[in-house]
Amino acid sequence: MAGKLIVFEGTDGSGKSTQFQRCCQALQAQGRTFRTIRYPRYEAESSALVRMYLGGAFGSHPDDVNAYAASTFFAVDRYAGYKQEWGGYYQAGGLMVMDRYTTSNAVHQAAKLPQQQREAFFHWLFDLEYSRMGLPRPDQVIWLDMPTHLAVANLRRREATTHTQADIHEVDTAYLSACAQAAAQAAQLYGWQRIPCVDQEGRLRSVEEIHQDIMQYI
(Lines give C-alpha, C1' and ligand atoms only; values in the text may rest on other atoms or scores of the structure.)
Protein backbone atom coordinates (compact mmCIF):
# COMPACT_ATOMS: atom_id res chain seq x y z
CA MET A 1 0.00 0.00 0.00
CA ALA A 2 1.42 3.35 -1.06
CA GLY A 3 2.14 5.96 1.57
CA LYS A 4 1.48 9.67 1.71
CA LEU A 5 3.38 12.49 0.05
CA ILE A 6 3.31 16.08 1.32
CA VAL A 7 5.07 18.78 -0.71
CA PHE A 8 6.22 22.26 0.29
CA GLU A 9 6.25 24.76 -2.57
CA GLY A 10 6.96 28.46 -2.95
CA THR A 11 8.97 30.88 -5.01
CA ASP A 12 12.61 31.53 -4.13
CA GLY A 13 12.71 33.69 -1.01
CA SER A 14 9.28 32.59 0.25
CA GLY A 15 10.60 31.02 3.46
CA LYS A 16 9.72 27.56 2.20
CA SER A 17 12.83 25.83 3.55
CA THR A 18 12.30 27.38 6.99
CA GLN A 19 8.71 26.18 7.13
CA PHE A 20 9.69 22.75 5.82
CA GLN A 21 12.16 22.42 8.70
CA ARG A 22 9.63 23.64 11.26
CA CYS A 23 7.07 21.12 10.03
CA CYS A 24 9.58 18.26 10.26
CA GLN A 25 10.49 19.28 13.81
CA ALA A 26 6.80 19.33 14.77
CA LEU A 27 6.19 15.90 13.25
CA GLN A 28 9.19 14.51 15.14
CA ALA A 29 7.84 15.98 18.37
CA GLN A 30 4.55 14.18 17.69
CA GLY A 31 6.40 10.89 17.29
CA ARG A 32 5.55 10.57 13.61
CA THR A 33 7.67 8.33 11.40
CA PHE A 34 8.54 9.94 8.08
CA ARG A 35 11.33 10.66 5.63
CA THR A 36 12.31 13.85 3.86
CA ILE A 37 13.93 14.80 0.58
CA ARG A 38 14.87 18.11 -1.00
CA TYR A 39 14.83 18.60 -4.74
CA PRO A 40 16.96 19.24 -6.68
CA ARG A 41 19.48 16.83 -5.15
CA TYR A 42 22.46 19.05 -5.92
CA GLU A 43 24.96 16.52 -4.58
CA ALA A 44 23.70 13.72 -6.88
CA GLU A 45 25.02 12.89 -10.34
CA SER A 46 21.45 12.98 -11.67
CA SER A 47 21.28 16.74 -11.05
CA ALA A 48 24.20 17.57 -13.35
CA LEU A 49 22.02 19.25 -16.00
CA VAL A 50 20.09 21.10 -13.30
CA ARG A 51 23.33 22.51 -11.90
CA MET A 52 24.54 23.49 -15.36
CA TYR A 53 21.23 25.18 -16.18
CA LEU A 54 20.97 27.11 -12.91
CA GLY A 55 24.65 28.04 -13.11
CA GLY A 56 24.15 29.66 -16.51
CA ALA A 57 25.89 27.09 -18.70
CA PHE A 58 23.03 27.21 -21.22
CA GLY A 59 22.39 30.94 -20.97
CA SER A 60 22.30 33.65 -18.33
CA HIS A 61 18.51 34.12 -18.41
CA PRO A 62 15.86 31.51 -17.49
CA ASP A 63 14.21 31.92 -20.90
CA ASP A 64 17.37 30.76 -22.64
CA VAL A 65 16.15 27.20 -21.97
CA ASN A 66 12.48 26.67 -22.75
CA ALA A 67 10.04 25.39 -20.15
CA TYR A 68 9.76 21.90 -21.60
CA ALA A 69 13.49 21.29 -21.97
CA ALA A 70 14.34 22.65 -18.53
CA SER A 71 11.59 20.56 -16.94
CA THR A 72 13.19 17.36 -18.18
CA PHE A 73 16.44 18.23 -16.34
CA PHE A 74 14.60 18.35 -13.03
CA ALA A 75 12.39 15.36 -13.86
CA VAL A 76 15.41 13.07 -14.34
CA ASP A 77 16.75 14.01 -10.90
CA ARG A 78 13.36 13.35 -9.29
CA TYR A 79 13.11 9.95 -10.97
CA ALA A 80 16.60 9.02 -9.82
CA GLY A 81 15.79 10.13 -6.27
CA TYR A 82 12.62 8.06 -6.28
CA LYS A 83 14.44 4.94 -7.48
CA GLN A 84 17.50 5.41 -5.28
CA GLU A 85 16.26 6.92 -2.05
CA TRP A 86 12.58 6.87 -1.23
CA GLY A 87 10.41 4.87 -3.63
CA GLY A 88 10.53 1.62 -1.67
CA TYR A 89 9.76 3.36 1.62
CA TYR A 90 6.84 5.22 0.07
CA GLN A 91 5.42 2.11 -1.62
CA ALA A 92 5.55 0.30 1.74
CA GLY A 93 3.24 2.93 3.22
CA GLY A 94 5.73 5.54 4.41
CA LEU A 95 5.10 9.25 4.84
CA MET A 96 7.30 11.52 2.70
CA VAL A 97 7.70 15.25 3.34
CA MET A 98 9.23 17.01 0.33
CA ASP A 99 10.98 20.34 -0.11
CA ARG A 100 10.00 20.89 -3.79
CA TYR A 101 8.78 18.26 -6.21
CA THR A 102 7.26 18.05 -9.70
CA THR A 103 5.10 20.99 -8.65
CA SER A 104 8.20 23.21 -8.67
CA ASN A 105 8.32 22.95 -12.45
CA ALA A 106 4.72 24.15 -12.46
CA VAL A 107 5.92 27.22 -10.56
CA HIS A 108 9.29 27.94 -12.15
CA GLN A 109 8.99 26.68 -15.73
CA ALA A 110 5.38 27.62 -16.49
CA ALA A 111 6.46 31.18 -15.64
CA LYS A 112 8.27 31.26 -18.98
CA LEU A 113 4.99 30.81 -20.86
CA PRO A 114 2.09 33.18 -21.55
CA GLN A 115 -0.76 32.69 -19.07
CA GLN A 116 -3.02 31.11 -21.70
CA GLN A 117 -0.43 28.39 -22.40
CA ARG A 118 0.28 27.41 -18.82
CA GLU A 119 -2.62 25.03 -18.27
CA ALA A 120 -1.51 22.92 -21.25
CA PHE A 121 2.01 22.90 -19.82
CA PHE A 122 0.74 21.75 -16.41
CA HIS A 123 -1.10 18.88 -18.11
CA TRP A 124 2.04 17.89 -20.07
CA LEU A 125 4.24 18.10 -16.97
CA PHE A 126 2.05 16.03 -14.68
CA ASP A 127 1.37 13.48 -17.42
CA LEU A 128 5.13 13.15 -18.02
CA GLU A 129 6.16 12.62 -14.42
CA TYR A 130 3.15 10.97 -12.82
CA SER A 131 1.74 8.93 -15.72
CA ARG A 132 4.71 8.25 -18.01
CA MET A 133 7.61 8.16 -15.52
CA GLY A 134 5.57 6.64 -12.71
CA LEU A 135 6.33 9.11 -9.94
CA PRO A 136 3.61 9.31 -7.28
CA ARG A 137 1.22 12.25 -7.21
CA PRO A 138 1.39 14.37 -4.06
CA ASP A 139 -1.45 14.00 -1.58
CA GLN A 140 -1.05 17.59 -0.43
CA VAL A 141 0.82 20.63 -1.71
CA ILE A 142 1.49 23.42 0.78
CA TRP A 143 2.06 26.63 -1.17
CA LEU A 144 3.65 29.59 0.59
CA ASP A 145 2.20 32.68 -1.07
CA MET A 146 4.83 35.39 -0.62
CA PRO A 147 4.63 38.74 -2.48
CA THR A 148 7.52 39.06 -4.91
CA HIS A 149 9.01 42.26 -3.46
CA LEU A 150 9.32 40.61 -0.04
CA ALA A 151 10.70 37.39 -1.54
CA VAL A 152 13.37 39.40 -3.38
CA ALA A 153 14.28 41.25 -0.17
CA ASN A 154 14.69 37.88 1.58
CA LEU A 155 16.91 36.59 -1.22
CA ARG A 156 19.19 39.63 -1.20
CA ARG A 157 19.47 39.46 2.59
CA ARG A 158 20.35 35.76 2.41
CA GLU A 159 23.00 36.39 -0.24
CA ALA A 160 24.61 39.12 1.87
CA THR A 161 24.54 36.99 5.01
CA THR A 162 25.80 33.73 3.51
CA HIS A 163 28.01 35.27 0.79
CA THR A 164 26.47 32.92 -1.76
CA GLN A 165 25.94 33.67 -5.44
CA ALA A 166 22.36 33.71 -6.71
CA ASP A 167 21.43 31.39 -9.56
CA ILE A 168 19.83 32.60 -12.82
CA HIS A 169 16.34 32.24 -11.32
CA GLU A 170 17.09 34.20 -8.17
CA VAL A 171 18.66 37.24 -9.82
CA ASP A 172 15.75 37.92 -12.17
CA THR A 173 13.00 39.88 -10.38
CA ALA A 174 10.61 39.88 -13.34
CA TYR A 175 10.97 36.13 -13.62
CA LEU A 176 10.25 35.69 -9.89
CA SER A 177 7.08 37.74 -10.32
CA ALA A 178 5.99 35.50 -13.20
CA CYS A 179 6.70 32.47 -10.98
CA ALA A 180 4.31 33.82 -8.35
CA GLN A 181 1.62 34.23 -11.00
CA ALA A 182 2.17 30.70 -12.33
CA ALA A 183 2.03 29.30 -8.80
CA ALA A 184 -1.28 31.02 -8.13
CA GLN A 185 -2.69 29.62 -11.36
CA ALA A 186 -1.53 26.07 -10.58
CA ALA A 187 -2.77 26.31 -7.00
CA GLN A 188 -6.25 27.25 -8.16
CA LEU A 189 -6.39 24.53 -10.80
CA TYR A 190 -5.02 21.70 -8.65
CA GLY A 191 -6.23 22.53 -5.17
CA TRP A 192 -2.93 23.39 -3.52
CA GLN A 193 -3.27 24.64 0.04
CA ARG A 194 -2.45 28.36 -0.05
CA ILE A 195 -0.68 29.72 3.04
CA PRO A 196 -0.54 33.55 2.96
CA CYS A 197 2.77 34.98 4.14
CA VAL A 198 1.40 38.50 4.68
CA ASP A 199 -1.63 39.73 6.59
CA GLN A 200 -4.55 41.68 5.10
CA GLU A 201 -2.60 44.92 5.49
CA GLY A 202 0.33 43.49 3.54
CA ARG A 203 2.59 43.07 6.56
CA LEU A 204 4.86 40.05 6.76
CA ARG A 205 3.49 37.42 9.13
CA SER A 206 5.79 35.79 11.68
CA VAL A 207 7.43 32.43 11.07
CA GLU A 208 5.40 30.99 13.95
CA GLU A 209 2.06 32.28 12.62
CA ILE A 210 2.73 30.74 9.23
CA HIS A 211 3.88 27.50 10.83
CA GLN A 212 0.67 27.21 12.88
CA ASP A 213 -1.39 27.68 9.73
CA ILE A 214 0.53 24.92 7.97
CA MET A 215 0.16 22.46 10.83
CA GLN A 216 -3.62 22.80 10.67
CA TYR A 217 -3.48 21.07 7.28
CA ILE A 218 -0.74 18.48 7.85
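A brief look at the structure comes next. (Residues numbered from 1 in each chain as written. Predicted model: local features only at pLDDT ≥ 70, side-chain atom pairs only at ≥ 80, totals over all residues. Heavy atoms only, no water.)

**Focus: the side chain of Glu9**
As for its position among the elements, Glu9 is in strand S1 (residues 4-10). A distance of 2.7 Å separates polar atoms of two side chains, one belonging to Glu9 and the other to Ser104. Setting aside residues no more than four positions away along its own chain, Glu9 makes contact with Lys16, Arg100, Tyr101, Thr103, Ser104, Val107, Val141, Ile142, Trp143 and Leu144. (Helix = DSSP H or I, 4+ residues; strand = E, 2+ residues; numbered from the N terminus. Polar contact = N/O pair within 3.5 Å; in protein donor to acceptor, adjacent residues only side chain to side chain. Contact = heavy atoms within 4.5 Å.)

**A short note on the packing of aromatic side chains**
Under the definition given, this model contains 16 aromatic pairs. Taking 5.9 Å as the distance between ring centres and 80° as the angle between the ring planes, the aromatic pair formed by Phe8 and Phe20 counts as edge-to-face. Here Phe8, found in strand S1, pairs with Phe20, found in helix H1 (residues 16-29); they are 12 residues apart in sequence, far enough to count as distant. Ring geometry for Tyr82 versus Trp86: centroids 4.9 Å apart, planes at 75°, classification edge-to-face. Of this pair, Tyr82 and Trp86 both sit in helix H3 (residues 67-91), separated by four residues, roughly a single helical turn. As far as the burial class goes, Tyr82 and Trp86 line up, both buried. Aromatic rings pair up to connect Tyr39, Tyr68, Tyr82, Trp86, Tyr90, Tyr101, Phe121, Phe122, Trp124, Phe126, Tyr130 and Tyr190 into one cluster. (Phe/Tyr/Trp six-rings, centres within 6.5 Å; stacked < 30°, edge-to-face > 60°. Buried < 20%, exposed > 50% of the residue type's maximum accessible area, 1.4 Å probe, protein only.)

**Things to note about the pairing of S1**
Buried residues dominate S1, accounting for six of its seven residues. Pairing of S1 with strand S3 (residues 95-99), which is carried by five bridges, proceeds in the parallel orientation. Within S3, the position partnered with Phe8 by the bridge is Asp99. Where S1 meets strand S4 (residues 140-145), five bridges bridge the pair, whose relative direction is parallel. Directly across from Phe8, in S4, lies its bridge partner Ile142. (Pairing = 2+ DSSP bridges.)

**Here we look at the sheet that holds strand S5 (residues 193-196)**
Taken together, five strands build an open sheet; the order of strands is S2-S3-S1-S4-S5 and the sheet is parallel. The open sheet is flanked by strand S2 (35-38) and S5, the only strands paired with a single partner. Each adjacent strand pair in this sheet contributes to an overall mean axis angle of 20°, direction not counted. This element, helix H8 (residues 207-215), spans S1, S4 and S5 of the sheet and lies at about 160° to S5. (Axes fitted to C-alpha atoms, helices over the stretch in contact; angles between N-to-C directions.)

**Description of the pairing of S3**
Where burial is concerned, most of S3 is hidden: five out of the five residues are buried. Every second residue of S3 is oriented toward a common face, with Leu95, Val97 and Asp99 on one face and Met96 and Met98 on the other, all of them buried. Sheet topology places S2 next to S3; four bridges connect them, and they run parallel. What sits directly across from Ile37, in S3, is Met98.

**Some words on the environment of Gly31**
Residue placement: Gly31 occurs in the loop between H1 and S2. As a C-alpha pair, Gly31 and Glu85 span 54 residues in sequence and 22 Å in three-dimensional space.

On their own, these measurements won't tell you what the molecule is for.
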